[in-house]
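Here is how the chains run, residue by residue.
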Amino acid sequence: MPFDASRHEPLNPPEPSSALSGDSIVVLDAFMESLELVGAKCDIVESEYEAADRLVAIVKDLSATKIAISDSELVRRIVKVAGIEAIEDASREELFSSEIGITSAQSAIAETGTLVLESGAERHRLVSLVPPVHICVLPARSIRGSMAEILELADTDAHRTITFITGASRTSDIELTLAIGVHGPGKLYVIVIKDQ
Amino acid sequence: MSDINRTPETFDQNARAALADPVLHIALRNLADSFVVRRRNAIASVDDWEGLRERARAIKENTMLHLDEHLERFTENAEKAGATVHWALDGNEACEIIVELVRAKNARMVVKAKSMTGEEIHLNEALEKCGIEPVETDLGEWIIQLAGETPSHIVVPAIHKTKKQIADLFVEKVGIEKTENVDVLTQTARKILRERFAQAQVGISGVNFAIAETGTILILENEGNIRLTTSLTKTHIAVMGIEKVIPKFADLDVFLKLLPRSGTGQRLTAYQSLITGTKKDANDIGPDELHIVMLDNRRSRMLAHPVTRQSLACIRCGACLNACPVYQQVGGHAYGSVYPGPIGAVITPQLFGLSKSKQLPYASSLCGACRDVCPVKIDIPELLLHLRAEIVDGSATGPNERPTRKLGESIAFRAYSRMWSRSGMYSFSMRVARTMQTFVARDGKIGKVGSLISRLVPPLGAWTAWRDAPVVASKSFREMWRDKEK
């Protein structure tokens, strides 16, 4: 073989993480663009209050009444501000009949529009999966540029399940025709909060 | 077409039947346009695709050279995190282990996420035999399970079925009103399978990558059924071939760039689940138990030779199937194996015995399209030739089988070789051929199938049994050159 892979560093060395300035604006734009490419809706808001407004608008749009949330502090706060009635720690039956699931994400990847959910940080495995709509609220500073950075930071001992989510559930199993919302959510909304 | 009686031994018949099947051609018509074009567009979004392929191959090559160490390390780390690793020498052992695990949970039904390794060991049959109902949850797998068929593609298992056939199947098996609306069909599957997910206690999945450094397994998907299978159940059983292990977590970056782009033309599939052992806190979401079943099934034998070792680099993306002019025409079932297409033609003989799949290494024109698209740079034509040589030498067949090359053929090839390695003899033979061919050539071709000449001249006969030999030109290039010089 031409070279020894074990001696090579990852292709994209992790860049130092930074708060919102300079590079991070570029990263945020790239994240939004990637999300659009996979058919997810992305809103960038200035504050948690604005995020709450956006949430109210989405819920109203979908005329949803049954909403499940994860145990994320951020999500709890925003749902409270929005005045939305939501179930935390929903049972399996409640989850199966929920219309929307709201979670946060521990980080995200700009180059692919990917949400990174870590099981040790939040109970979001089912809330982000079972209801037909998934809304994810996350701070802008948690977005990284590349997959390589995320892999570098991953703590597989603390987070026994790490889930990457890129767009809605999909399939091409029937005549290679795209169908959305097979087993997971058919709609994915991402709300990025700048001031966090 | 029914699956029964189609084996790798009958590729020739299977392929002829497939070519004569107009419905199959409707089903396969989108393959080249859709997957091939999507892949091309997706790889354009990577700066150094060739470099990535080189790296992936180097990682796999290095891993294979120390596979035992990496497997040990993976096992140690996975078990440290609460998983149980089981070792299976062959498919039967793997099935026995899995059936026992399911029985221990008193489960009468299991939800299954698509796994080619599960198909390889015929897990569904083994479960059914023991009174356990396997429910396939991947849409394509579910469709072919309803139809009682086997997958015909590594990534899109029901590619051989048309929308119309699937619509009819749903009417018959599910009892819905007939519709060819893909969204309605998909939502019907979602609804039915949700009920099964709600009841399931045990889930069975495959594995795409197993990371030695952390003991993590990674599974990629688009539908979400793998996430449901691995989050809603109490026991998760993951079955993997030993070649799925990679050394480092950071290596995933390379493979996550290559696999989705090669397989479905996506930058990334919708979901990746990275599972390391069991949950830390009993109150957390997710299974209480994770069992990883490691399958050898002759894989360790492939390690022995540098040519066959390449086969273990395969990441099951399916790109070689989509690119293959043979697969595009005959589909997957013609190969009579769970692994169809170019990669299937090299893996099947190695997994299930060359003497049982002698036709497969010949199911290729050696055009090299598979090699060009392979994300881990497996030289499939080289492997096909290697296997063909083994067939001809008789070295790969059982000890009681005789070499397959005929004596007459051997002598003829030796004579040709002696004659054509000298330029004088070569020119002479061409002049003779030019004179002789006037009696046998038709429509610019020599020895059409079944003609007298093809039966009289032994190697030519074998050659022209499947192809036409063009007539020798009236003047050779050298003669034309000489005439010009004059």
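Rules and cut-offs
- Residues numbered from 1 in each chain as written.
- Chains lettered and ligands numbered in written order.
- Predicted model: local features only at pLDDT ≥ 70, side-chain atom pairs only at ≥ 80, totals over all residues.
- Helix = DSSP H or I, 4+ residues; strand = E, 2+ residues; numbered from the N terminus.
- Rg over C-alpha atoms; globule rule 2.2 N^0.38 Å.
- Buried ≥ 20, exposed ≤ 12 C-beta atoms within 10 Å, placed from the backbone.
- Contact = placed C-beta atoms within 7 Å.
- Nonpolar A, V, L, I, M, F, W, Y, C, P; charged D, E, K, R; others polar.
- Pairing = 2+ DSSP bridges.
- Axes fitted to C-alpha atoms, helices over the stretch in contact; angles between N-to-C directions.
- Left-handed = near helix turned anticlockwise from the far one by under 90°.
- Expected span 1.5 Å × (residues − 1).
- Core = buried A, V, L, I, M, F, W, Y, C linked by C-beta atoms within 7 Å.
- Parallel < 35°, antiparallel > 145°, perpendicular 65-115°, else oblique.
- pLDDT = per-residue confidence, 0-100.

In terms of helices and strands, chain B carries 24 helices and twelve strands. The C-alpha atoms of chain B give a radius of gyration of 26 Å, which matches the 23 Å a tight globule of 486 residues would have. Expressed along its principal axes, the backbone C-alpha trace of chain B runs to roughly 90 × 55 × 50 Å. Within the span of chain B, comprising 486 residues, buried residues form 48% of the whole. Put simply, of all contacts in chain B between residues at least 6 apart along the chain, 73% involve residues at least 24 apart.

Tallying secondary structure elements over chain A gives five helices and twelve strands in all. Evaluated residue by residue, chain A yields a buried proportion of 55% over its 196 residues. In chain A, the share of contacts with a sequence separation of at least 24, taken over all contacts with a separation of at least 6, comes to 74%.

Here we come to the environment of Gly131(B). Along the chain, Gly131(B) turns up in the loop between helix H7 (123–129) and strand S3 (133–136). Taking the C-alpha atoms as reference, Gly131(B) lies 52 Å from Asp47(B); in sequence the two are 84 residues apart.

The subject of this paragraph is the interface of chain B and chain A. Residue-level contacts link 60 residues of chain B with 47 residues of chain A. Those elements that place two or more of their residues in the side of chain B that touches chain A are helix H2 (22–43), helix H3 (49–65), helix H8 (139–147), helix H9 (163–173), helix H10 (182–199), helix H11 (225–231), helix H12 (252–263) and strand S9 (271–276) of chain B. The greatest single-element share of the side of chain B that touches chain A, amounting to eight residues, is contributed by H10(B). Here the residues of the side of chain B that touches chain A are counted per class, giving 25 nonpolar, 20 polar and 15 charged. Pairing of strand S9 (residues 161–165) of chain A with S9(B) involves five bridges; the strand directions are antiparallel. Along S9(B), the bridge assignment pairs Ile162(A) with Leu274(B).

Residue and element names in this part refer to chain B. Running from N to C, helix H17 (residues 341–352) and helix H19 (residues 380–393) cross one another at 40°; their axes reach a closest spacing of 10 Å. Once H17 is placed against H19, the crossing between them reads as left-handed. Of H19, the residues touching H17 (which contributes Pro342, Ile343, Ala345, Val346 and Pro349) are Ile380, Leu383, Leu384 and Leu387. Of the residues assigned to the contact of H17 with H19, the class counts are nine nonpolar, no polar and no charged.

Further remarks concern unusual backbone geometry. In the Ramachandran plot, Asn297(B) falls in the positive-phi region, its phi being about 45° despite a non-glycine side chain. Structurally, Asn297(B) is set in the loop between strand S10 (289–295) and helix H13 (299–302).

Our focus in this paragraph is H3(B). Since one α-helical turn is 3.6 residues long, residues separated by three or four positions face the same way. Residue and element names in this part refer to chain B. Taking 1.5 Å per residue as the helical rise, H3 with its 17 residues ought to reach 24 Å, and the 25 Å between its terminal C-alpha atoms agrees with that figure. Residues of H3 that are buried: Leu52, Arg55, Ala56, Arg57, Ala58, Ile59, Lys60, Thr63 and Met64. Where H3 is buried, its residues touch helix H4 (67–80), strand S8 (245–246), H12 and helix H14 (306–309).

This next bit is on the nonpolar core. Formed by 182 residues in total, the largest nonpolar core has its most connected members in Ile135(A), Val137(A), Ile98(B) and Cys320(B). Sequence-distant contacts of Val137(A), defined by excluding residues within four places in its chain, comprise Ala51(A), Leu74(A), Val75(A), Ile78(A), Ile102(A), Ser104(A), Ile191(A) and Ile193(A).

Further remarks concern the packing of helix H2 (residues 48–61) of chain A against helix H3 (residues 73–82) of chain A. All names here are of chain A. Remark: H2 packs on H3, axes separated minimally by 8 Å, with the N-to-C direction vectors making an angle of 65°. What the angle tells us is that H2 and H3 run roughly perpendicular. Handedness of the H2/H3 crossing: right-handed. When H2 is examined against H3, the residues Glu48, Tyr49, Ala51, Ala52, Leu55 and Val56 are found in contact with a partner set consisting of Arg77, Ile78, Val81 and Ala82.

Turning our eyes to something else, we now look at the sheet that holds strand S4 (residues 202–205) of chain B. Residues and elements named next belong to chain B. Taking strand neighbours across the sheet as the criterion, the six strands line up as S1-S10-S7-S4-S2-S3 in an open arrangement whose pairing is parallel. With partners counted over all chains shown, the strands left at the sheet margins are strand S1 (84–88) and S3, one partner each. When the angles between neighbouring strand axes are averaged without regard to direction, this sheet yields 25°. Pairing analysis gives three bridges linking strand S2 (residues 109–112) to S4, with the strands arranged parallel. Each residue of the ladder has a partner; that of Val111, found in S4, is Gly203.

Pairing in this open sheet of eight strands is mixed, and the strands run S8(A)-S5(A)-S6(A)-S9(A)-S9(B)-S6(B)-S5(B)-S8(B) from one edge to the other. In this open sheet, the two edge strands, each paired with only one partner strand, are strand S8 (143–144) of chain A together with S8 of chain B. Across three bridges, the pairing between strand S5 (residues 209–211) of chain B and strand S6 (residues 216–221) of chain B is antiparallel. Within the sheet, the bridge partner assigned to Ala210(B) lies in S6(B) and is Ile217(B).

Bringing the pairing of S6(B) into the picture now. Residue and element names in this part refer to chain B. Within S6, six of the six residues are buried, which leaves it mostly tucked inside the rest of the structure. Of the two faces of S6, both are covered, the one formed by Thr216, Leu218 and Leu220 as well as the one formed by Ile217, Ile219 and Glu221. Hairpin geometry of S5 and S6 is characterised by an intervening segment of four residues between the two adjacent antiparallel strands and by a positive phi of about 75° at Gly215. Strand direction decides the pairing type here: S6 and S9, joined by six bridges, are antiparallel. Opposite Thr216, over in S9, you have Thr276 as the bridge partner.

Looking at chain A, the pLDDT average stands at 90 and 88% of residues meet or exceed 70. Note that residues 1–19 of chain A has pLDDT below 50 and, in this model, 32 contacts with residues that lie over four places away or in other chains.

Here we take up H10(B). When the terminal C-alpha atoms of H10(B) are compared, their 26 Å separation across 18 residues agrees well with the 26 Å that a helix rising 1.5 Å per residue should span. Among the residues making up H10(B), those that are buried are Leu185(B), Thr186(B), Ala189(B), Arg190(B), Leu193(B) and Phe197(B). Close packing links the buried residues of H10(B) with strand S10 (170–174) and strand S11 (177–180) of chain A together with S2, H8, H9 and H11 of chain B.

Our next topic: the environment of Ala107(B). Residue and element names in this part refer to chain B. Relative to the elements of secondary structure, Ala107 occurs in the loop between helix H5 (91–104) and S2. Put simply, Ala107 and Lys248 are 141 residues apart on the chain and 36 Å apart in space, counted from C-alpha to C-alpha. When residues no more than four places from it in sequence are discounted, the contact partners of Ala107 are Val102, Ile132, Gln201 and Val202.

Regions with low pLDDT should not have their predicted coordinates read in detail. Residue and element names in this part refer to chain B. Looking at chain B, pLDDT values average 90 and 90% of them are 70 or higher. Segment residues 397–403: pLDDT under 50, and eight contacts once partners within four positions in sequence are set aside and those in other chains are kept. Overall fold confidence for the complex sits at a pTM of 0.88, while the interface term, ipTM, reaches 0.89.

All names here are of chain B. Among the secondary structure elements, Gly344 is positioned in helix H17. Between the alpha carbons of Gly344 and Ser311 there is a distance of 9.8 Å; along the sequence they are 33 residues apart. Residue contacts for Gly344: discarding those within four places in its chain leaves Tyr335, Ser337 and Tyr339.

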